[in-house]
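Here's the letter readout for the chains.
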Amino acid sequence: AEEKRREAEERKKEAIAAAVAKRKEAEEKRKAQSVANQAKKEESTTSSQTFSLGFLNFGQDSSSATTSSVAGAPKGVPVLSKWRQNGDGSISGTISGSSAFEG
């Protein structure tokens, strides 16, 4: 009876040790996953989406007037024509095609 009790106690200790090892392994796996997710999140926040403003001729001589014609704009849609970029970065031009800008 004593031997059976000792064997049962040893099995219990082994089961507890296995459970502790499994828990520790799972915790390490979660930490590794968390670090990987955080690195991925930082990577996505550090890269930025950009778009070109080249169609506005930024960085070019602001004294030259650029004309743009939009063919076939639907009725009621404002059209900016004979526009140019001013020295302060604003844009000047003629707005047509909308009653809101008549004047």
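Everything quoted here is computed from the prediction, not taken from an experiment.

Undergrad: Summarise the overall build of the chain; cite the residues concerned and give the values.
TA: Helix and strand content of the chain: one helix and two strands. In the chain, the succession of α and β elements from N to C terminus is α-β-β. The buried share among the 103 residues of the chain stands at 7%. Within the chain, contacts between residues at least 6 apart in sequence are counted, and of these 18% link residues at least 24 apart.

Undergrad: So what's going on with the pairing of strand β1 (residues 79–85)? Residues and values would help.
TA: Two strands pair when backbone bridges link them, and β1 and strand β2 (residues 91–96) are joined in this way by five bridges, in the antiparallel orientation. Following the sheet pairing, V79 is matched in β2 by S96. From the end of β1 to the start of β2, which pair antiparallel, there are five residues, and G89 there has a positive phi angle of about 100 degrees.

Undergrad: Let's hear about a negative patch on the surface: which residues, and what values?
TA: On the surface, a cluster of negative charge is contributed by E3, E7, E9, E10 and E14. Look at E3 and you get exposed, because its relative accessible area is 54%.

Undergrad: With reference to specific residues and values, describe a nonpolar patch on the surface.
TA: Among the surface-exposed residues, L80, I91 and I95 lie close enough to one another that they form a single nonpolar patch of about 220 Å² accessible area. Counting through the fold element by element, L80 comes out in strand β1. Looking at L80, the relative accessible area reads 37%, which means it is partly exposed.

Undergrad: Which residues make up unusual backbone geometry, and what are the values?
TA: Phi at K82 takes a positive value of approximately 50 degrees, unusual for a residue other than glycine. Relative to the assigned elements, K82 resides in strand β1.

About the criteria used
- Residues numbered from 1 in each chain as written.
- Predicted model: local features only at pLDDT ≥ 70, side-chain atom pairs only at ≥ 80, totals over all residues.
- Heavy atoms only, no water.
- Helix = DSSP H or I, 4+ residues; strand = E, 2+ residues; numbered from the N terminus.
- Buried < 20%, exposed > 50% of the residue type's maximum accessible area, 1.4 Å probe, protein only.
- Contact = heavy atoms within 4.5 Å.
- Pairing = 2+ DSSP bridges.
- Patch = residues over 30% accessible without salt bridge, like charges linked within 9 Å, V, L, I, M, F, W, Y side chains within 5 Å.
- Areas by Shrake-Rupley, 256 points an atom, 1.4 Å probe, with all protein chains shown as cover.
- Salt bridge = Lys/Arg side-chain N within 4 Å of Asp/Glu carboxyl O.
- Lys, Arg positive; Asp, Glu negative; His and termini not counted.
- Charge placed at Lys NZ, Arg CZ, Asp CG, Glu CD.

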